[in-house]
Each structure stands twice: as C-alpha cells, then as structure tokens.
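Here is what each chain is made of, one letter per residue.
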Amino acid sequence: FLFEFFFLKFHAMKFVAILFAFLSLSNVALAADDKECEVCVKVMDDIRASMTKEDSRSKPKIEQAMGDYCANKAEELSAREKKICYYIDPIKRDIAQ
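Just so we're clear, the structure is a prediction, and the values are computed from it rather than from any experiment.

A. Structural context of the side chain of glutamate 81. Looking at the element boundaries, glutamate 81 is found in helix α4 (residues 79–88). At a separation of 2.9 Å, a polar atom in the side chain of glutamate 81 contacts the main-chain amide nitrogen of serine 78.

B. How the structure looks around the nonpolar core. Formed by 16 residues in total, the largest nonpolar core has its most connected members in Val43, Ile47, Met66, Tyr69, Ile84 and Ile88. Looking at this core, the elements with two or more residues in it are α2 (34–49), α3 (59–70), α4 and α5 (92–96). Per element, the largest residue contribution to this core is five residues, and it comes from α2. Excluding its chain neighbours within four sequence positions, the residues that come into contact with methionine 66 are Ile47, Ile88, Lys92, Ile95 and Ala96.

The rules behind each value
Residues numbered from 1 in each chain as written. Predicted model: local features only at pLDDT ≥ 70, side-chain atom pairs only at ≥ 80, totals over all residues. Heavy atoms only, no water. Helix = DSSP H or I, 4+ residues; strand = E, 2+ residues; numbered from the N terminus. Polar contact = N/O pair within 3.5 Å; in protein donor to acceptor, adjacent residues only side chain to side chain. Core = buried A, V, L, I, M, F, W, Y, C linked by side-chain atoms within 4.5 Å. Buried < 20%, exposed > 50% of the residue type's maximum accessible area, 1.4 Å probe, protein only. Contact = heavy atoms within 4.5 Å.

Listed below in structure tokens is the structure:
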C-alpha cells in the first residue's frame, strides 16, 4: 500500500512538473505576452476540470481529454485556445506523463 501511494504521488508530481514546463515553454514559444500564458493556463484548467480525479491518473484518459477539448465543436474555442490546441496536439503523450 505504501509503495502504491508513493508511486501514484510520484506520477502526479511528474505530471505537474511537465505541465509547468509546458506552460513555461508555451509562454516563450507563443510570445512574451501575459495574456498568452493566461490562455494556456485556462486551457489546461478546462481540460483538468473535465476529468474525474481517477481519470487524471491515467495517461490515455488525459490524452483523450485533451483531444476532446480541442475537438469540441459545440463550444467554440477562441483563436488563442485553438492555437494552444495546435501546440499541445502533437505532444499530448508527453504532457500526459
């Protein structure tokens, strides 16, 4: 049980570290504008909010949630949100780790 707890905690910390790295790199890649970062954080928060706590521990579920968010036709994404989706689509697997 203790091993499983630390194993899950390690993966959660790894996900957060990759997410922060992605947010940092996205800010540099997009522009030095504060609003770009806000959009990046909003997209990731929206994706995280669409998932259950259990699903947020599963790489395939995280990748699926990112794909579903970016393919969402019912809710129109802003141009900046589409741009973030453009950047995260090819690296979904890396972000999900």
